[in-house]
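# Residue-level structural notes
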Amino acid sequence: MATLVFLLQCLALVLLGSTGQTVFAMPPQAPVQCNATGCTLYNAYGAWGDRQECRVQNVKYPTSEEEIRAAVAEANQKKLKVKVVSGFSHTIPKLACPSTYTQDPTNSMLISTEKYNTSIEIDEDNLQVTADAGVGLRALIDRVEAANLSLVASPYWEGVSVGGVISTGAHGSSWWGKGGAVHDHVVGINLVVPAPPNEGYAKILKIGASDPLFNAAKLSLGLLGVISKVTFSLERAFKRSITNNFTDDGNIQNEFMEHAKKHEFGDITWYPSRHIAVYRNDDRVPLNSSGNGVNDFLGFQSNVVLVSKSVRAVEKALENAKNAGGKCAVAASVVAFKKMVGNGLKNNLIFTGYPVVGHQGKMQTSGSCLYSSSTLTSCAWDPRIKGLFFYETTAIFPASKFGDFIRDVKRLRDIKSENFCGIDSYNGILIRFIKSSEAYLGQSEDSVVIDFNYYRADDPLTPRLNQDVWEEVEQMAFFKYGARPHWAKNRNLAFLGVQEKYPNFDKFMAAKKELDPQNLFSSDWSDEIVLGKQGEKGDGCALEGQCICSEDRHCSPSKGYLCKQGLVYTDARVCRYSP
Ligand SMILES: Cc1cc2nc3c(=O)[nH]c(=O)nc-3n(C[C@H](O)[C@H](O)[C@H](O)COP(=O)(O)OP(=O)(O)OC[C@H]3O[C@@H](n4cnc5c(N)ncnc54)[C@H](O)[C@@H]3O)c2cc1C
Ligand SMILES: *[C@@H]1O[C@H](CO)[C@@H](O)[C@H](O)[C@H]1NC(C)=O
Ligand SMILES: *[C@@H]1O[C@H](CO)[C@@H](O)[C@H](O)[C@H]1NC(C)=O
Ligand SMILES: *[C@@H]1O[C@H](CO)[C@@H](O)[C@H](O)[C@H]1NC(C)=O
Ligand SMILES: *[C@@H]1O[C@H](CO)[C@@H](O)[C@H](O)[C@H]1NC(C)=O
Ligand SMILES: *[C@@H]1O[C@H](CO)[C@@H](O)[C@H](O)[C@H]1NC(C)=O
């Protein structure tokens, strides 16, 4: 079995590596899909955390700021719940759904910024750019770079809109300058909010950096109104030089701070089952440095559809057979392959060795699977092809607590390291840095973020191999170490008690009350995330992270998964295979 897996995986990766440039693929489907009975809002993975559908009836596609104002005015006049979604919809929790629990779509409105994406204005003298909220990050970056300027921070994934990327606190990695979070590079926002009838039911606020509403508006989860324009600060164009140092993981807990201080854009990828840490030495270099490299991250390249399906099929077979060894073979080949191809970094058309030096705009973010036009290839997770389907846990720690968290995870790993192969066959544990921010819903101190992906079953009631281990790491992060959940990722349980983790949450809510006194921009669905309340605990609720188990029935007794305590963090309650 292991050899078969290895061969398949190599085939997948070889195809993947060699086709990324040349084969065209299908771009992701639009997030709003309509038929005779109405419309449904999907995210990019085709499933929200709770797998409920978000039905909407009234979808607007404004093309100007005035049309946005008119839409908000209509919602206000008719007392409709209203939410905004971008043309990308890459956010995992159901923040953008305006509907009620009863799924009655008639009292709500969805505003899509998909067609509001034309204006990008560069102010060279002030080193700023102002863009319509629906503009994609790639279009923005390309325009900025063409003017010999650079946007300093961005997430690693470019398939996001200007409005969406600042609304959830999306980030790259940096403790330097203004830091790695995109909203901390914002200097102005136009926000369309409800208004009294004598002001036409809606108005456009221009919120500058000195406005008292600024710290609420720059990270607002879509709860305050519709962002119509965003102004970012820029710097003179620069290049970046990246070297990945594949080394052992013995010292991460002592070295992470030094790494963040030493390298402007550094990060660390940790593969616990392999005992490998990859330190990304990522620094700014002058524009006249030689090199025209591109960061085309492997995981965001186009995949041949058949290969994505095969990889999923292998993963499912290993799950059904509870074959941890097979997962370890996959993890080993994936890590070895990534090392060989520099993770998707390309000096020229291919990877020929470190350092890879290229323009900031080509190195800061990627997503080549987004731009394609045949049915042969797609993003690996495209819901239409039944390819990869996974969870993404993202926890944000105060830097001072992060070392102890790593030590705890190592204790858990050392009990049985093969339990960690299931995350290492994705991207291991990605460790990045976010600088402290004034945004009320941002990080109030210098922080360290971890991301890890893991298998999600097709059927919500199917338990997963080693799920107890991920659940323990998850609960350790959020409850033992008080980590904050990334607003755009995670399973519902990560948001339990989230309000208390933000010292300025009350100030944010006060701003909301001022701007949206009738709560038009909140819905049952977003309340569940933002207010961090746990719902009814049904049978099997812990399997998908809808609850923390307290009884066996919250797991899957019929399949041998019972509610047990954690192995290292004994306060954790996890679903463990206990035949
Ligand atoms: C493959 C992948 C990789 C990712 N990598 C990273 C990463 O490296 N770092 C990171 O931090 N995040 C990452 N993310 C998460 C992503 O950056 C966020 O989900 C981001 O918010 C998505 O932007 P969007 O334009 O798709 O927003 P949407 O999903 O459409 O919307 C997000 C939220 O913003 C609100 N919103 C959107 N537009 C507006 C507007 N104009 N006015 C008011 N509210 C608005 C919506 O109501 C919703 O609440 C990744 C996601 C994926 C799928
Ligand atoms: C329309 O789409 C919804 C959601 O996907 C589905 O439940 C419904 O059956 C569809 N109706 C028709 C007539 O196709
Ligand atoms: C706006 O969206 C259209 C259609 O999705 C796209 O072709 C165009 O390039 C986008 N324009 C900008 C500036 O992003
Ligand atoms: C950008 O810099 C290059 C090289 O110095 C120069 O040729 C070009 O004219 C500049 N472009 C703009 C828009 O300033
Ligand atoms: C790689 O990182 C390790 C651990 O920090 C360090 O000891 C080693 O010198 C680094 N190697 C290179 C080539 O930078
Ligand atoms: C880049 O420019 C600086 C001065 O602006 C100069 O000192 C340096 O030698 C140049 N480097 C290269 C590689 O051309």
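To be clear, the structure that these remarks concern was listed above.
Attention here is on the structure that accompanies the text. (Residues numbered from 1 in each chain as written. Chains lettered and ligands numbered in written order. Predicted model: local features only at pLDDT ≥ 70, side-chain atom pairs only at ≥ 80, totals over all residues. Heavy atoms only, no water.)

## Observations concerning the overall build of the protein
- Along the protein, the regular secondary structure elements total 14 helices and 27 strands.
- For 579 residues, the compact-globule formula gives about 25 Å, and the C-alpha radius of gyration of the protein, at 23 Å, lands near that figure.
- Along the first, second and third principal axes, the C-alpha atoms of the protein reach 70 × 60 × 50 Å.
- Among the 579 residues that make up the protein, the fraction classed as buried is 60%.
- Put simply, of all contacts in the protein between residues at least 6 apart along the chain, 74% involve residues at least 24 apart.
- For the protein, the accessible surface area stands at approximately 21,700 Å², while carbon and sulfur atoms represent 53% of it.
- Charge centroids of the protein, computed over 61 positive and 61 negative side chains, lie 2 Å from each other. (Helix = DSSP H or I, 4+ residues; strand = E, 2+ residues; numbered from the N terminus. Rg over C-alpha atoms; globule rule 2.2 N^0.38 Å. Buried < 20%, exposed > 50% of the residue type's maximum accessible area, 1.4 Å probe, protein only. Contact = heavy atoms within 4.5 Å. Areas by Shrake-Rupley, 256 points an atom, 1.4 Å probe, with all protein chains shown as cover. Lys, Arg positive; Asp, Glu negative; His and termini not counted. Charge placed at Lys NZ, Arg CZ, Asp CG, Glu CD.)

## Some thoughts on the environment of Gly293
- Within the secondary structure, Gly293 is located in the loop between strand 16 (276-285) and strand 17 (294-295).
- For Gly293, a relative accessible area of 1% translates into the label buried.
- Not counting the four nearest positions on each side in its chain, Gly293 is found in contact with Lys346, Asn347, Val356, Val357, Gly358, His359, Lys362 and Met363.

## What to know about the site of ligand 5
- Around ligand 5, the neighbouring residues are Asn245, Thr247 and Glu255.
- Contact distances for ligand 5 include 2.3 Å between an oxygen atom and a side-chain N or O atom of Asn245.
- Between Glu255 and ligand 5, the recorded distance is 3.1 Å, taken from a side-chain N or O atom to an oxygen atom.
- Relative to its unbound accessible area of 360 Å², ligand 5 is 36% covered by the protein chains. (Near = heavy atom within 4 Å. Polar contact = N/O pair within 3.5 Å; in protein donor to acceptor, adjacent residues only side chain to side chain.)

## Topic: the packing of aromatic side chains
- Summed over the entire model, instances satisfying the criterion amount to 23 aromatic pairs.
- Judged by centre distance (5.6 Å) and plane angle (40°), the ring pair of Tyr391 and Tyr454 falls under tilted. Of this pair, Tyr391 sits in strand 22 (residues 390-398) while Tyr454 sits in strand 24 (residues 447-455); the two residues are 63 residues apart in sequence, bridging distant segments of the chain.
- Of the residues examined, Tyr391 reaches a relative accessible area of 4% and is grouped as buried.
- A residue is classified by how much of its surface remains accessible, and Tyr454, at 1% relative accessible area, is buried.
- Grouping aromatic residues by their ring pairs yields a cluster made of Tyr45, Trp157, Phe297, Phe300, Trp381, Phe390 and Tyr426.
- One Lys or Arg, Arg484, reaches over the ring of Tyr502 and ends 4.7 Å from the middle of that ring.
- Directly above the aromatic system of Tyr391 lies the positively charged group of Arg491, at a separation of 4.8 Å from the ring centroid. (Phe/Tyr/Trp six-rings, centres within 6.5 Å; stacked < 30°, edge-to-face > 60°. Lys NZ or Arg CZ within 6 Å of the ring centre and 35° of its normal.)

## Considerations on the environment of Thr113
- Tracing the sequence through the fold places Thr113 in the loop between strand 6 (108-112) and strand 7 (120-123).
- The class of Thr113 is buried, set by a relative accessible area of 5%.
- In sequence terms Thr113 and Ser228 are 115 residues apart; their C-alpha atoms lie 8.7 Å from each other.
- Sequence-distant contacts of Thr113, that is, excluding residues within four places in its chain, are made with Val84, Val85, Ser86, Gly87, Ala133 and Gly134.

## Details of the pattern of salt bridges
- Applying the stated rule across the entire model yields 35 salt bridges.
- A salt bridge links Arg384 to Asp382; the shortest N-O distance between them is 2.6 Å.
- We classify Asp382 as buried; its relative accessible area is 4%.
- Within the structure, one salt-bridge network assembled from shared partners comprises Arg240, Asp267, Arg280 and Asp282. (Salt bridge = Lys/Arg side-chain N within 4 Å of Asp/Glu carboxyl O.)

## Here's the deal with the environment of Val186
- With respect to the helices and strands, Val186 occurs in strand 10 (residues 186-194).
- For Val186 and Arg384, which are 198 residues apart along the polypeptide, the C-alpha to C-alpha distance reads 35 Å.
- Dropping the residues within four chain positions of it, Val186 is found in contact with Ile166, Phe214, Val230, Thr231 and Phe232.

## A look at the sheet that holds strand 4 (residues 59-60)
- On the basis of which strands lie adjacent, the open sheet formed by three strands has the order 4-6-5 and parallel pairing. Single-partner strands in this sheet number two, and they are strand 4 and strand 5 (81-85).
- As judged from the two bridges shared by strand 4 and strand 6, these two strands associate in the parallel manner. Residue pairing in the sheet places Lys60 in a bridge with Ile111 of strand 6.
- In this fold helix 2 (residues 65-77) packs onto strand 4, strand 5 and strand 6, with an angle of close to 170° to the strand it touches most, strand 6. (Pairing = 2+ DSSP bridges. Axes fitted to C-alpha atoms, helices over the stretch in contact; angles between N-to-C directions.)

## Quick look at the sheet that holds strand 15 (residues 267-271)
- Read across the sheet, eight strands follow the order 20-14-16-15-23-24-22-25 without closing on themselves; strand pairing throughout is antiparallel. The outermost strands of the open sheet, each flanked by one partner alone, are strand 20 (356-359) and strand 25 (484-485).
- In terms of strand pairing, strand 14 (residues 239-248) meets strand 16 through 10 bridges, oriented antiparallel. Looking at strand 16, one finds that Arg240 is bridged to Arg284.
- Helix 12 (residues 467-480) contacts strand 22, strand 24 and strand 25 of the sheet and is inclined by roughly 30° relative to strand 22.

## Digging into helix 6 (residues 252-262)
- Within helix 6, burial applies to Ile252, Gln253, Phe256, His259 and Ala260. Mapping the buried residues of helix 6 onto a view down its axis gives an arc of 100°, with all of them on the same face. Among the exposed residues of helix 6, those pointing more than 90 degrees away from its buried face are Glu258, Lys261 and Lys262. (Arc of directions from axis to C-beta.)

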